[in-house]
Amino acid sequence: MTTPQDPMVHLIDHPLVQHKLTLMRDKNASTTSFRTLLNELSMLMAYEVTRDMPMQDVEIETPLETMTARVIDGKKLALVSILRAGTGILDGFLSVVPGARVGHIGLYRDPATLKAVEYYFKMPKDMPERDVVVVDPMLATGHSAIAAIARIKALKPKSIKFVCLLTCPEGVKALREAHPDVSIFTAAIDRQLNSHGYILPGLGDAGDRIFGTQ
Ligand code: URA
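Residues numbered from 1 in each chain as written. Predicted model: local features only at pLDDT ≥ 70, side-chain atom pairs only at ≥ 80, totals over all residues. Heavy atoms only, no water.

S.K.: Please provide a residue-by-residue account of the state of the cysteines, values included.
M.R.: Enumeration according to the criterion identifies zero disulfides in this entry. In this model Cys 164 remains outside any disulfide bridge; the closest cysteine sulfur is found in Cys 168, 9.0 Å from its own. We classify Cys 164 as buried; its relative accessible area is 0%. (Disulfide = S-S within 2.5 Å. Buried < 20%, exposed > 50% of the residue type's maximum accessible area, 1.4 Å probe, protein only.)

S.K.: Lay out a nonpolar patch on the surface in plain terms, naming residues and giving numbers.
M.R.: Taken together, the side chains of Tyr 108, Tyr 119 and Tyr 120 define a hydrophobic patch exposed on the protein surface, amounting to about 340 Å² of accessible area. Among the secondary structure elements, Tyr 119 is positioned in strand β6 (residues 116-122). With a relative accessible area of 48%, Tyr 119 lands in the partly exposed category. (Patch = residues over 30% accessible without salt bridge, like charges linked within 9 Å, V, L, I, M, F, W, Y side chains within 5 Å. Areas by Shrake-Rupley, 256 points an atom, 1.4 Å probe, with all protein chains shown as cover. Salt bridge = Lys/Arg side-chain N within 4 Å of Asp/Glu carboxyl O. Helix = DSSP H or I, 4+ residues; strand = E, 2+ residues; numbered from the N terminus.)

S.K.: Give me the lowdown on the sheet that holds strand β12 (residues 188-189), citing residues and values where you can.
M.R.: Judged by pairing direction, the sheet is parallel, and its three strands sit side by side in the order β8-β10-β12 without closing on themselves. Strands at the two margins of the open sheet, each flanked by one partner only, are β8 (138-139) and β12. Where β8 and strand β10 (residues 166-167) come together, two bridges link them in parallel fashion. Across the sheet, the residue bridging to Met 138 is Leu 166, located in β10. (Pairing = 2+ DSSP bridges.)

S.K.: Before we move on, can you summarise the pairing of strand β3 (residues 66-72) with the specific residues and values?
M.R.: In terms of strand pairing, strand β2 (residues 55-61) meets β3 through seven bridges, oriented antiparallel. Counted as the bridge partner of Met 55 is Ile 72 from β3. Hairpin connection, β2 to β3: the antiparallel pair is bridged by four residues.

S.K.: Talk me through the pattern of salt bridges; I want residue IDs and the actual numbers.
M.R.: Under the definition given, this model contains nine salt bridges. Two residues, Glu 177 and Lys 173, come together in a salt bridge whose shortest N-O distance is 3.2 Å. Here the residue Glu 177 and the residue Lys 173 both occupy positions in helix α5 (residues 169-178), the gap between them amounting to four residues, near one helical turn. A relative accessible area of 55% means that Glu 177 is categorised as exposed. With a relative accessible area of 51%, Lys 173 lands in the exposed category.

What follows is the structure, encoded as structure tokens:
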């Protein structure tokens, strides 16, 4: 569903999504369960995000006769993961859309300025023919998402969507202002950012929790 204020912001409030997100927020969740939940939650979110995906007709044979049936034009989809935490969402999406092409963009947050610094960029071919879904679990200051989307836009894809697990009003505002043509899909819009660029109440550092590096 969309938020009442902004039809480009989609809050995925399905009970299964909300339940799993709550389990992930718990600081006592183990790395294993955090990862498993993220994978499951990403699959559920992929269901919503891909709702308007282009389809094509193919001819198949059922055991009884030939028919024309519809399949997803999966090769036209490019999933772009913002390293490193985007990997967690990417895996769940790929279980649902295995034919999608994948791009990676490596960005780290400069701890002093909180600005995004790029260290890696590799995209699939034929970007002008592709619908792009950029994934990153946390839309906090928006700096990484804004920088990643600007780089991807230079390759002129057909469309861009942004998917995160969690965001906050500051992140949504920054991304919507920088890229008003990009729709946002999220499972929650939390209260606020703290002075270190973390979302409150949030779930902590998503990368550390996925990879067990804290
Ligand atoms: N990145 C994270 O991993 N967590 C936050 O709360 C904000 C940015």
